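# An overview of the molecular structure
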Amino acid sequence: MGAKTRTIEQLLQALQVTVAFGVETGRAAAVGADLAANRKYFARSGTRVQTITRDEMEVLRGAGAPGQDVGVLRSFQNAARTTFSNRCPGCQRWIHLGSTEHAGECFCGQTYRVVFDLSPEDWSLRQMCCMDCGVEMTTSLAGPALNPWHAINGDQVQCDACALKRVASQAAEASARERHM
Ligand SMILES: [Zn+2]
Ligand SMILES: [Zn+2]
């Protein structure tokens, strides 16, 4: 006998969130699944993981939970207004999470959502940094004219060294193409 499908209110309460925007869902590892209750899937917020049924996953997705093609990056609000970065699940480049919940797209095309429900707070997260090499932006604030940063998109920046590398590799590709023409 399967468990009764929980309502969206019950599911969100169990996950300790108010909206489904940042709730990841997917197939649970067999070892973690509650097979007796037919809960072969998982739902995860920044504080809780629940085993859920397929129907409950549909309920969450219907309420706006992201599909598996969307990465969920978690951060947290803090009194110091410190913001953090985390890695793209698609290409491992760094993404600045900023201070507001939002959806974005990485340089590589991976779509993601940024949510602020991470608990306990993880102060080991990196601050704003170069998307390629991860060097933190704070290190060069003393001499911005000597070490300019390049905005790639709303959430990603590149340090000058990586920008130069990219220009060099683009030039190498272009000349390789010309040789083959
Ligand atoms: Zn990426
Ligand atoms: Zn860099």
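Here the structure is a predicted model, which is why all the values come from computation and not from measurement.

### Things to note about the sheet that holds strand 3 (residues 49–52)
Reading across from one edge, 1-2-3 is the order of the 3 strands in this open sheet, with antiparallel pairing throughout. Looking at strand neighbours, the two that pair on one side only are strand 1 (24–27) and strand 3, the edges of this open sheet. The mean angle between the axes of side-by-side strands here comes to 25 degrees, regardless of whether they run parallel or antiparallel. In the sheet, strand 1 pairs with strand 2 (residues 41–44) via 4 bridges, with the strands oriented antiparallel. The partner of Gly26 across the bridge, within strand 2, is Phe42.

### Regarding helix 2 (residues 54–62)
Buried within helix 2 are the following residues: Glu56, Met57, Val59 and Leu60. Across the axial projection of helix 2, the buried residues extend over an arc of 155 degrees, all falling on one side. Where the residues of helix 2 are buried, they touch helix 1 (8–15), strand 1, strand 2 and strand 3.

### Considerations on unusual backbone geometry
Cis peptide bonds are those with omega within 30 degrees of zero, and the linkage from Ser119 to Pro120 qualifies with 0 degrees. Relative to the helices and strands, Pro120 resides in the loop between strand 8 (111–115) and strand 9 (150–153). Even without a glycine there, the phi angle at Gln16 is positive, about 60 degrees. Here Gln16 is to be found in the loop between helix 1 and strand 1. Judged by the 12 C-beta atoms lying within 10 Å of it, Gln16 is exposed. Despite not being glycine, Arg81 has its phi angle at roughly 55 degrees, a positive value. Tracing the backbone shows Arg81 in the loop between strand 4 (70–74) and strand 5 (85–87). By the C-beta count within 10 Å, which is 7 here, Arg81 ends up exposed.

### Side note on the sheet that holds strand 4
Note on sheets: strands pair through backbone hydrogen bonds, and any given pair is parallel or antiparallel. Across the sheet, which stays open at both edges, the 3 strands sit in the order 4-8-7 with mixed pairing between neighbours. In this open sheet, the two strands that pair with only one neighbour each are strand 4 and strand 7 (102–105). Within the sheet, the average angular offset between the axes of one strand and its neighbour, ignoring direction, is 30 degrees. Pairing between strand 4 and strand 8: 5 bridges, direction parallel. By the bridge assignment for strand 8, Gly71 is matched with Tyr112.

### Some details on the domain arrangement of the protein chain
Where the parts come together, the accessible area they lose is often given as the size of the interface. Parsing the protein chain into structural domains produces domain 1 (8–62) and domain 2 (70–169). Contacts between domain 1 and domain 2 engage 7 residues on the former and 8 residues on the latter. Classifying every residue of the side of domain 1 that touches domain 2 by side-chain character gives 2 nonpolar, 4 polar and 1 charged.

### Let's talk about the environment of Ala28
Topologically, Ala28 is positioned in the loop between strand 1 and strand 2. Taking C-alpha positions, Ala28 is 29 Å from Thr100, a pair spaced 72 residues apart along the chain. Not counting the four nearest positions on each side in its chain, Ala28 is found in contact with Ala33, Lys40, Tyr41, Phe42 and Thr51.

### What about the nonpolar core?
In terms of nonpolar packing, the biggest core is built from 15 residues, with Leu73, Trp94, Ile95, Leu97, Tyr112, Val114 and Cys130 touching the most fellow members. Counting residues per element, the ones that place at least two in this core are strand 6 (94–96) and strand 8. Of the residues forming this core, the biggest block, 3 residues, is contributed by strand 8. For Leu97, the contacting residues outside a window of four places in its chain are Leu73, Ser75, Thr83, Phe84, Ser85, Asn86 and Val114. Among the nonpolar cores identified, the runner-up in size contains 12 residues, and Leu11, Leu15, Tyr41 and Leu60 belong to it.

Rules of the game
- The numbers attached to residues start from 1 for each chain and follow its sequence in the written order.
- Throughout, the order in which chains and ligands are written sets their labels, letters from A for the former and numbers from 1 for the latter.
- For this predicted model, a pLDDT threshold of at least 70 governs which residues receive local features, and a threshold of 80 or more governs which side-chain atom pairs are given and counted, while totals over whole chains, interfaces and linings are taken from all residues.
- Strands are labelled as partners when DSSP assigns at least two bridges between them.
- Secondary structure elements are taken from DSSP: a helix is a run of H or I of four residues or more, a strand is a run of E of two residues or more, and numbering for both begins at the N terminus.
- Note on definitions: angles span 0 to 180 degrees between N-to-C directions of axes, and those axes are lines fitted to C-alpha atoms, for helices only across the stretch in contact.
- Burial in this document is a count-based property: other C-beta atoms within 10 Å of a residue's C-beta are tallied, and the residue is buried at 20 or more, exposed at 12 or fewer, or partly exposed in between, with C-beta positions derived from the backbone.
- The arc in question is the one traced by the directions running from the helix axis out to the C-beta atoms.
- Our contact criterion uses C-beta atoms placed from the backbone: two residues qualify when those atoms are within 7 Å.
- All domain edges in this entry derive from an automatic or database-based domain assignment.
- Each residue gets one of three labels, nonpolar for Ala, Val, Leu, Ile, Met, Phe, Trp, Tyr, Cys and Pro, charged for Asp, Glu, Lys and Arg, and polar for the others, Gly among them.
- To define a nonpolar core, we join buried Ala, Val, Leu, Ile, Met, Phe, Trp, Tyr and Cys residues through C-beta atoms within 7 Å and take the resulting set.

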